[in-house]
Amino acid sequence: MSYSLQRSSKQKKRRRRIAVFLILPLLCILIGGIGYAAYLYIKAEHVAQAAYKELDRGGKSSKRLEAVKPLEDNISILIMGVDESEARKEDKEDFGGSFRTDALLLATLNKDDKSIKLVSIPRDTYVYIPSKERKNKIAHAYAYGGANGTIQTVEDFLDVPVDYYVKVNFDSFIKIVDTLGGIEMDVPISVTDFNSKKSGFVTVEKGQQKLNGEQALVLARARHIDNDFMRGQRQQLIIEAIAKKALSLNSVTKMADLIEAAGSEMETNLTFDDMIGVVKTMLGTQLNMEKLQVKDIDEYIDGIYYAKPDEQSVKEIKETLKQHLGLTSAPDEATDEATDTTQHTDEEENQ
């Protein structure tokens, strides 16, 4: 073999060794990344399984002819924010042993145009509560019957099916926002209030801001700085900002991070596959969200404040939601006018 051939052969072997040294670390990184992603996915699935809680009614709303599934049907999801802080636990023992919803928002998702309607229901809205067969503040539906009672009340009030629910408390809300790396939004009002542990104060300034979990919670919860209608708008803006940030991740695996972050603090009747179905429906889209609010009229009954819903506002929202869900025939109208309107006015029920 000539010297030139030997030299060429040595150069080829050297290039192969260099290629192997370069490719092997890259392969290790790639395989490790895939393995880690799979680990997160599996972990999120386990968390979702732990958070799953089937409703007493089963998987189908009484206002549906058939059960629905994300990706295949237009669906609705009721978001319940429940104050389960240590401070509220102490109040809970004083006032009947039950928590109340601090935020209540109904989202409908249309699979065809990838749009969302988000309805805010003020916590003091005066409605018929089927589980107690009387009218009271809608926040008390959770105290009377938990998620089941709240869903039944919302279905009765808005005359549309509530297919799924997600209940979050303060801890899970904060973790979700922080896992997203914070949220960007135009804050409508400045506010200073206690943090979630009531161990200090948190301030949020008016204007374009990036909020962490504690700041977002303060903005969502703060009362007595405007009114319940404006509070509902703040909560809608926060949900919109969370959805925008989550969609910007554009990855099912990263969505699994959010599920894992919420942890055991979340409760839902969405299975892991349902959650991924919702994610797949919305990923890769620009968020198309219309925000609706139940308008109300201030009313005092036996010295207790209630937000009496405006009938025209409720009628318009009902029609909008039914159209968005593609309900061709209207379910039975709510029967609150014909039911017992007895009120409880003791301190336990009207906090």
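Let me sum up the structure you'll find in this document. None of the values given here were measured: they were computed from a predicted structure. (Residues numbered from 1 in each chain as written. Predicted model: local features only at pLDDT ≥ 70, side-chain atom pairs only at ≥ 80, totals over all residues. Heavy atoms only, no water.)

Thoughts on the overall build of the protein
Then step 1. A tally of helices and strands in the protein yields nine helices and 14 strands.
Then step 2. Every one of the 351 residues in the protein was classed for burial, and the buried ones make up 49%.
Then step 3. Relative to all contacts within the protein whose residues are 6 or more apart in sequence, the contacts with residues 24 or more apart total 71%.
Then step 4. Carbon and sulfur atoms form 50% of the exposed surface of the protein, whose accessible area is close to 17,900 Å². (Helix = DSSP H or I, 4+ residues; strand = E, 2+ residues; numbered from the N terminus. Buried < 20%, exposed > 50% of the residue type's maximum accessible area, 1.4 Å probe, protein only. Contact = heavy atoms within 4.5 Å. Areas by Shrake-Rupley, 256 points an atom, 1.4 Å probe, with all protein chains shown as cover.)

Topic: the pattern of salt bridges
Then step 1. Counted under the stated rule, the structure contains 17 salt bridges.
Then step 2. Lys-137 is the partner of Asp-124 in a salt bridge, and the nearest nitrogen-oxygen pair spans 3.8 Å. Remark: Lys-137 occurs in strand S5 (residues 134–137) and Asp-124 occurs in the loop between strand S3 (115–120) and strand S4 (126–129); sequence separation between them is 13 residues. Summarising the burial analysis for this pair, Asp-124 and Lys-137 share the class buried.
Then step 3. One salt bridge in this structure joins Glu-240 and Lys-291, with 3.1 Å as the shortest N-O distance. With Glu-240 in helix H6 (residues 228–249) and Lys-291 in strand S12 (residues 288–293), this residue pair connects regions lying 51 residues apart in the sequence.
Then step 4. Residues participating in the shared-partner salt-bridge network are Asp-102, Arg-123, Asp-124, Lys-137, Arg-221, Arg-223 and Arg-231. (Salt bridge = Lys/Arg side-chain N within 4 Å of Asp/Glu carboxyl O.)

Quick notes on the nonpolar core
Then step 1. In terms of nonpolar packing, the biggest core is built from 57 residues, with Leu-109, Ile-183, Met-185, Ile-238 and Ile-242 touching the most fellow members.
Then step 2. Residue contacts for Ile-238: discarding those within four places in its chain leaves Phe-173, Ile-183, Met-185, Ala-216, Leu-219 and Ala-220.
Then step 3. Val-119, Val-127, Ile-151 and Leu-321 belong to the second-largest nonpolar core, a separate cluster that totals 29 residues. (Core = buried A, V, L, I, M, F, W, Y, C linked by side-chain atoms within 4.5 Å.)

So, the environment of Leu-217
Then step 1. Along the chain, Leu-217 turns up in helix H5 (residues 213–221).
Then step 2. Considering only alpha carbons, one finds Leu-217 and Phe-173, 44 residues apart in sequence, at a separation of 7.4 Å.
Then step 3. Excluding residues within four positions of it along the chain, Leu-217 makes contact with Phe-170, Phe-173, Ile-174 and Ser-196.

A short note on the pairing of strand S1 (residues 75–82)
Then step 1. Among the eight residues that make up S1, seven are buried, leaving the element largely enclosed by the rest of the structure.
Then step 2. Note that S1 and strand S2 (residues 101–110) share eight bridges and pair antiparallel. Looking across to S2, one finds that Leu-78 is bridged to Leu-106.
Then step 3. Of the pairings in the sheet, the one linking S1 to strand S6 (residues 164–168) comprises five bridges and is parallel in character. (Pairing = 2+ DSSP bridges.)

Things to note about the sheet that holds S1
Then step 1. On the basis of which strands lie adjacent, the open sheet formed by six strands has the order S11-S6-S1-S2-S3-S12 and mixed pairing. Looking at which strands have only one partner, the edges of the open sheet turn out to be strand S11 (267–268) and S12.
Then step 2. Summarising the sheet, S3 and S12 pair through six bridges and their orientation is parallel. Note that in S12 the partner of Ser-120 across the bridge is Gln-293.

So, the packing of helix H4 (residues 170–179) against H5
Then step 1. Contact pair H4 / H5: the axes reach a minimum separation of 8 Å and the direction vectors enclose 125°. Taken together, the axes of H4 and H5 are oblique relative to one another. For the element pair H4 and H5, the recorded crossing hand is right-handed. Facing Phe-170, Phe-173, Ile-174, Val-177 and Asp-178 of H4, the residues of H5 in contact are Gly-213, Glu-214, Ala-216, Leu-217 and Arg-221. (Axes fitted to C-alpha atoms, helices over the stretch in contact; angles between N-to-C directions. Parallel < 35°, antiparallel > 145°, perpendicular 65-115°, else oblique. Left-handed = near helix turned anticlockwise from the far one by under 90°.)

Considering H6
Each turn of an α-helix holds 3.6 residues, which means side chains three or four residues apart point in the same direction.
Then step 1. Counted at 1.5 Å a residue, the expected span for H6 with its 22 residues is 32 Å, and the 32 Å between its end C-alpha atoms agrees.
Then step 2. You can read the cap of H6 off the contacts: a side-chain oxygen lies 3.1 Å from the backbone nitrogen of Phe-229, and it is on Asn-227. (Expected span 1.5 Å × (residues − 1). Polar contact = N/O pair within 3.5 Å; in protein donor to acceptor, adjacent residues only side chain to side chain.)

As for the packing of aromatic side chains
Then step 1. Per the counting criterion, the structure on display carries three aromatic pairs.
Then step 2. For the pair Tyr-126 and Tyr-306, a centre-to-centre distance of 4.8 Å together with 55° between the ring planes defines the contact as tilted. Placement of Tyr-126 in strand S4 and of Tyr-306 in strand S14 (residues 304–309) is noted, with a sequence separation of 180 residues between them.
Then step 3. Given a relative accessible area of 1%, Tyr-306 falls into the buried group.
Then step 4. Between Lys-137 and the ring centre of Tyr-306, over which it is positioned, the NZ or CZ distance is 5.7 Å. (Phe/Tyr/Trp six-rings, centres within 6.5 Å; stacked < 30°, edge-to-face > 60°. Lys NZ or Arg CZ within 6 Å of the ring centre and 35° of its normal.)

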